[in-house]
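# Geometric and topological summary
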Amino acid sequence: SVVVVFNGEIYNFMELRRELEAKGHTFHCGADTEVLIHGYEEYGTELIYRLRGMFAFVLWDAKNKRMFGARDIFGIKPFYYCRTAQNDLLFGSEIKSFLDHPKFVKAVNENALRPYLTLQYSATEETFFKGVYKLPAAHYFVYENGKMDVRRFWDCEFDPQPQNFEACADKLDEVGHESVAAHR
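Read on for an overview of the structure.

Reading guide: rules and limits
- Residues numbered from 1 in each chain as written.
- Predicted model: local features only at pLDDT ≥ 70, side-chain atom pairs only at ≥ 80, totals over all residues.
- Heavy atoms only, no water.
- Phe/Tyr/Trp six-rings, centres within 6.5 Å; stacked < 30°, edge-to-face > 60°.
- Helix = DSSP H or I, 4+ residues; strand = E, 2+ residues; numbered from the N terminus.
- Buried < 20%, exposed > 50% of the residue type's maximum accessible area, 1.4 Å probe, protein only.
- Lys NZ or Arg CZ within 6 Å of the ring centre and 35° of its normal.
- Contact = heavy atoms within 4.5 Å.
- Pairing = 2+ DSSP bridges.
- Axes fitted to C-alpha atoms, helices over the stretch in contact; angles between N-to-C directions.
- Parallel < 35°, antiparallel > 145°, perpendicular 65-115°, else oblique.
- Left-handed = near helix turned anticlockwise from the far one by under 90°.
- Nonpolar A, V, L, I, M, F, W, Y, C, P; charged D, E, K, R; others polar.

## As for the packing of aromatic side chains
- Summed over the entire model, instances satisfying the criterion amount to 12 aromatic pairs.
- With 5.7 Å between their ring centres and 45° between their planes, phenylalanine 79 and phenylalanine 141 make a pair best called tilted. Here the residue phenylalanine 79 occupies a position in the loop between β3 (66–71) and β4 (80–83), and phenylalanine 141 occupies one in strand β7 (residues 139–144), the gap between them amounting to 62 residues. An identical accessibility class is assigned to phenylalanine 79 and phenylalanine 141; each is buried.
- Summarising the aromatic geometry, the rings of phenylalanine 98 and phenylalanine 104 are spaced 5.8 Å apart at their centres and angled 55° between planes, so their arrangement reads as tilted.
- Taking the relative accessible area as the measure of exposure, phenylalanine 98 reaches 2% and is therefore buried.
- Taken together, the aromatic side chains of Tyr40, Phe55, Phe57, Phe68 and Tyr140 make up a single cluster linked through ring pairs.
- Of note, arginine 50 hangs over the ring of tyrosine 43, and the distance from its end group to the ring centre comes to 3.7 Å.

Structure below.
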(Lines give C-alpha, C1' and ligand atoms only; values in the text may rest on other atoms or scores of the structure.)
Protein backbone atom coordinates (compact mmCIF):
# COMPACT_ATOMS: atom_id res chain seq x y z
CA SER A 1 0.00 0.00 0.00
CA VAL A 2 3.10 2.28 0.02
CA VAL A 3 5.09 3.06 -3.13
CA VAL A 4 8.35 5.02 -3.34
CA VAL A 5 10.21 7.05 -5.97
CA PHE A 6 13.74 7.72 -4.70
CA ASN A 7 16.90 9.48 -5.83
CA GLY A 8 19.91 9.33 -3.54
CA GLU A 9 21.48 7.37 -0.71
CA ILE A 10 20.48 6.81 2.90
CA TYR A 11 23.78 6.53 4.77
CA ASN A 12 22.31 5.15 7.99
CA PHE A 13 20.00 2.63 6.30
CA MET A 14 21.62 -0.43 7.91
CA GLU A 15 21.02 1.00 11.39
CA LEU A 16 17.42 1.89 10.48
CA ARG A 17 16.90 -1.53 8.93
CA ARG A 18 18.01 -3.32 12.11
CA GLU A 19 15.69 -1.09 14.15
CA LEU A 20 12.73 -1.78 11.85
CA GLU A 21 13.43 -5.54 11.71
CA ALA A 22 13.37 -5.57 15.52
CA LYS A 23 9.89 -4.03 15.26
CA GLY A 24 8.72 -6.85 12.96
CA HIS A 25 9.30 -5.45 9.46
CA THR A 26 10.47 -7.91 6.79
CA PHE A 27 12.92 -6.73 4.13
CA HIS A 28 13.23 -8.32 0.70
CA CYS A 29 16.50 -6.87 -0.59
CA GLY A 30 19.66 -5.15 0.59
CA ALA A 31 18.85 -1.72 -0.87
CA ASP A 32 18.52 1.46 1.16
CA THR A 33 15.27 2.34 -0.66
CA GLU A 34 13.26 -0.27 1.24
CA VAL A 35 14.05 1.50 4.52
CA LEU A 36 11.96 4.45 3.31
CA ILE A 37 8.85 2.32 2.85
CA HIS A 38 9.11 0.42 6.13
CA GLY A 39 10.24 3.56 7.96
CA TYR A 40 7.15 5.41 6.73
CA GLU A 41 4.92 2.50 7.74
CA GLU A 42 6.42 2.61 11.25
CA TYR A 43 6.96 6.34 11.84
CA GLY A 44 4.84 8.17 9.26
CA THR A 45 6.24 11.58 8.33
CA GLU A 46 8.44 11.49 11.48
CA LEU A 47 10.70 9.19 9.43
CA ILE A 48 12.36 12.30 8.03
CA TYR A 49 14.01 13.05 11.38
CA ARG A 50 15.74 9.65 11.35
CA LEU A 51 17.30 9.86 7.88
CA ARG A 52 20.88 10.70 7.16
CA GLY A 53 21.95 11.00 3.57
CA MET A 54 21.52 12.80 0.29
CA PHE A 55 18.07 12.25 -1.10
CA ALA A 56 14.89 13.37 -2.75
CA PHE A 57 11.96 11.00 -2.50
CA VAL A 58 8.20 10.72 -2.71
CA LEU A 59 6.10 8.08 -0.96
CA TRP A 60 2.53 7.40 -2.07
CA ASP A 61 0.36 6.04 0.75
CA ALA A 62 -2.52 4.40 -1.16
CA LYS A 63 -4.44 3.50 1.99
CA ASN A 64 -4.60 7.11 3.23
CA LYS A 65 -4.42 8.73 -0.24
CA ARG A 66 -1.48 10.84 0.90
CA MET A 67 1.80 11.74 -0.75
CA PHE A 68 4.85 12.48 1.38
CA GLY A 69 8.15 13.70 -0.02
CA ALA A 70 11.37 15.27 1.17
CA ARG A 71 14.72 16.68 0.14
CA ASP A 72 17.97 16.26 2.10
CA ILE A 73 19.28 18.98 4.41
CA PHE A 74 21.83 20.34 1.91
CA GLY A 75 19.62 19.99 -1.16
CA ILE A 76 22.14 17.77 -2.93
CA LYS A 77 19.44 15.93 -4.84
CA PRO A 78 17.14 18.16 -6.89
CA PHE A 79 13.34 18.17 -6.58
CA TYR A 80 10.89 20.21 -8.65
CA TYR A 81 7.12 20.22 -8.53
CA CYS A 82 4.10 21.95 -10.00
CA ARG A 83 0.36 21.68 -9.91
CA THR A 84 -1.64 21.69 -13.11
CA ALA A 85 -4.88 23.61 -13.59
CA GLN A 86 -6.67 20.29 -12.96
CA ASN A 87 -4.87 20.08 -9.57
CA ASP A 88 -2.60 17.21 -10.61
CA LEU A 89 0.79 17.20 -8.93
CA LEU A 90 3.82 16.76 -11.18
CA PHE A 91 7.26 16.18 -9.67
CA GLY A 92 10.71 15.25 -10.86
CA SER A 93 14.42 15.81 -10.48
CA GLU A 94 14.43 17.90 -13.68
CA ILE A 95 11.91 20.41 -15.02
CA LYS A 96 12.27 18.95 -18.49
CA SER A 97 10.39 15.89 -17.25
CA PHE A 98 7.24 18.09 -17.17
CA LEU A 99 7.57 19.52 -20.68
CA ASP A 100 5.81 16.70 -22.58
CA HIS A 101 3.00 16.30 -20.04
CA PRO A 102 -0.28 17.30 -21.75
CA LYS A 103 -1.50 19.34 -18.75
CA PHE A 104 1.74 21.24 -18.20
CA VAL A 105 1.53 24.89 -19.26
CA LYS A 106 4.83 26.26 -20.53
CA ALA A 107 4.88 29.88 -19.36
CA VAL A 108 7.78 32.13 -18.38
CA ASN A 109 8.01 33.27 -14.76
CA GLU A 110 9.26 36.84 -15.05
CA ASN A 111 9.57 37.11 -11.24
CA ALA A 112 12.43 34.60 -11.27
CA LEU A 113 14.55 36.69 -13.63
CA ARG A 114 15.65 39.48 -11.26
CA PRO A 115 17.05 37.22 -8.47
CA TYR A 116 18.89 35.17 -11.08
CA LEU A 117 20.46 38.18 -12.78
CA THR A 118 21.37 39.70 -9.40
CA LEU A 119 22.90 36.61 -7.78
CA GLN A 120 23.81 34.54 -10.88
CA TYR A 121 21.84 31.55 -9.57
CA SER A 122 18.24 30.73 -8.75
CA ALA A 123 18.10 31.73 -5.07
CA THR A 124 14.37 31.37 -4.54
CA GLU A 125 11.92 28.47 -4.66
CA GLU A 126 10.57 29.82 -7.94
CA THR A 127 11.93 28.69 -11.30
CA PHE A 128 11.88 30.24 -14.78
CA PHE A 129 8.66 28.31 -15.45
CA LYS A 130 5.55 29.89 -13.94
CA GLY A 131 4.07 27.58 -11.32
CA VAL A 132 7.13 25.31 -11.06
CA TYR A 133 8.93 25.34 -7.72
CA LYS A 134 11.98 23.79 -6.12
CA LEU A 135 11.36 21.95 -2.89
CA PRO A 136 13.89 23.74 -0.68
CA ALA A 137 16.69 21.84 1.02
CA ALA A 138 15.75 20.45 4.45
CA HIS A 139 12.02 20.56 3.64
CA TYR A 140 9.33 17.93 3.30
CA PHE A 141 5.80 18.05 1.97
CA VAL A 142 2.51 16.28 2.44
CA TYR A 143 0.08 16.39 -0.46
CA GLU A 144 -3.40 15.38 0.57
CA ASN A 145 -6.92 16.26 -0.65
CA GLY A 146 -5.43 18.55 -3.31
CA LYS A 147 -3.47 20.60 -0.78
CA MET A 148 0.30 20.92 -0.63
CA ASP A 149 1.77 21.51 2.83
CA VAL A 150 5.53 22.25 2.73
CA ARG A 151 7.51 22.43 5.97
CA ARG A 152 11.12 22.76 7.08
CA PHE A 153 12.38 19.76 9.03
CA TRP A 154 15.95 20.84 9.81
CA ASP A 155 17.80 24.07 10.45
CA CYS A 156 21.38 24.77 11.43
CA GLU A 157 21.78 25.69 15.06
CA PHE A 158 24.70 28.01 15.71
CA ASP A 159 25.36 29.14 19.24
CA PRO A 160 29.06 30.01 19.53
CA GLN A 161 30.57 29.53 22.96
CA PRO A 162 34.16 30.21 24.01
CA GLN A 163 36.01 26.89 23.93
CA ASN A 164 39.50 25.52 24.14
CA PHE A 165 41.18 25.31 20.71
CA GLU A 166 42.44 21.75 21.21
CA ALA A 167 38.98 20.56 22.33
CA CYS A 168 37.44 22.15 19.23
CA ALA A 169 40.07 20.56 16.97
CA ASP A 170 39.46 17.15 18.58
CA LYS A 171 35.69 17.49 18.15
CA LEU A 172 36.08 18.51 14.51
CA ASP A 173 38.35 15.51 13.90
CA GLU A 174 35.83 13.21 15.60
CA VAL A 175 32.89 14.55 13.57
CA GLY A 176 34.91 14.32 10.33
CA HIS A 177 35.84 10.68 10.95
CA GLU A 178 32.26 9.81 11.91
CA SER A 179 30.94 11.41 8.73
CA VAL A 180 33.40 9.50 6.54
CA ALA A 181 32.48 6.24 8.30
CA ALA A 182 28.78 6.91 7.71
CA HIS A 183 29.39 7.46 3.99
CA ARG A 184 31.24 4.16 3.55
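## Points about the side chain of arginine 17
- The residue arginine 17 is located in helix α1 (residues 13–22) in this model.
- When near neighbours in sequence (up to four residues on either side) are disregarded, arginine 17 contacts Phe27, Cys29, Gly30 and Val35.

## A short note on helix α2 (residues 33–43)
- In terms of burial, α2 is a largely internal element, 8 of the 11 residues being buried.
- Among the residues of α2, Glu34, Val35, Leu36, Ile37, His38, Gly39, Tyr40 and Tyr43 are the ones counted as buried.
- Glycine 44 occupies a position one or two residues after α2 and carries a positive phi of about 65°.

## Focus on the pairing of strand β8 (residues 147–152)
- Judged from the 6 bridges that link them, β7 and β8 form a sheet pairing that is antiparallel. Looking at the pairing, tyrosine 140 lines up with arginine 151 of β8.
- Between the end of β7 and the start of β8, which pair antiparallel, lie 2 residues, with asparagine 145 showing a positive phi angle near 55°.

## Quick notes on the sheet that holds β3
- With antiparallel pairing, 5 strands are arranged side by side in an open sheet as β1-β2-β3-β7-β8. With partners counted over all chains shown, the strands left at the sheet margins are β1 (2–10) and β8, one partner each. Geometrically, the sheet is characterised by an average inter-axis angle of 10° between neighbouring strands, direction not taken into account.
- Across 9 bridges, β1 lies against strand β2 (residues 53–61) in antiparallel orientation. Within the sheet, the bridge partner assigned to valine 2 lies in β2 and is aspartate 61.
- Helix-sheet contacts for α2 involve β1, β2 and β3, and the interaxial angle to β1 is about 125°.

## Things to note about the environment of phenylalanine 98
- Here phenylalanine 98 lies in the loop between β5 (89–92) and α3 (113–119).
- With 38 residues separating them along the chain, phenylalanine 98 and proline 136 place their C-alpha atoms 19 Å apart.
- If near-sequence neighbours (up to four positions away) are discounted, phenylalanine 98 is found in contact with Tyr80, Tyr81, Cys82, Leu90, Phe91, Gly92, Phe104 and Val132.

## Re the packing of α1 against α2
- Across the interface, α1 lies against α2 with an axial gap of 10 Å and an inter-helix angle of 45°. Here α1 lies oblique to α2, going by the angle between them. The two elements α1 and α2 cross, and the hand of that crossing is left-handed. Residues Phe13, Leu16, Arg17, Glu19 and Leu20 of α1 form the contact with α2, whose participating residues are Val35, His38, Gly39, Glu42 and Tyr43.
- Residues belonging to the contact of α1 with α2 are distributed by class as follows: 5 nonpolar, 2 polar and 3 charged.

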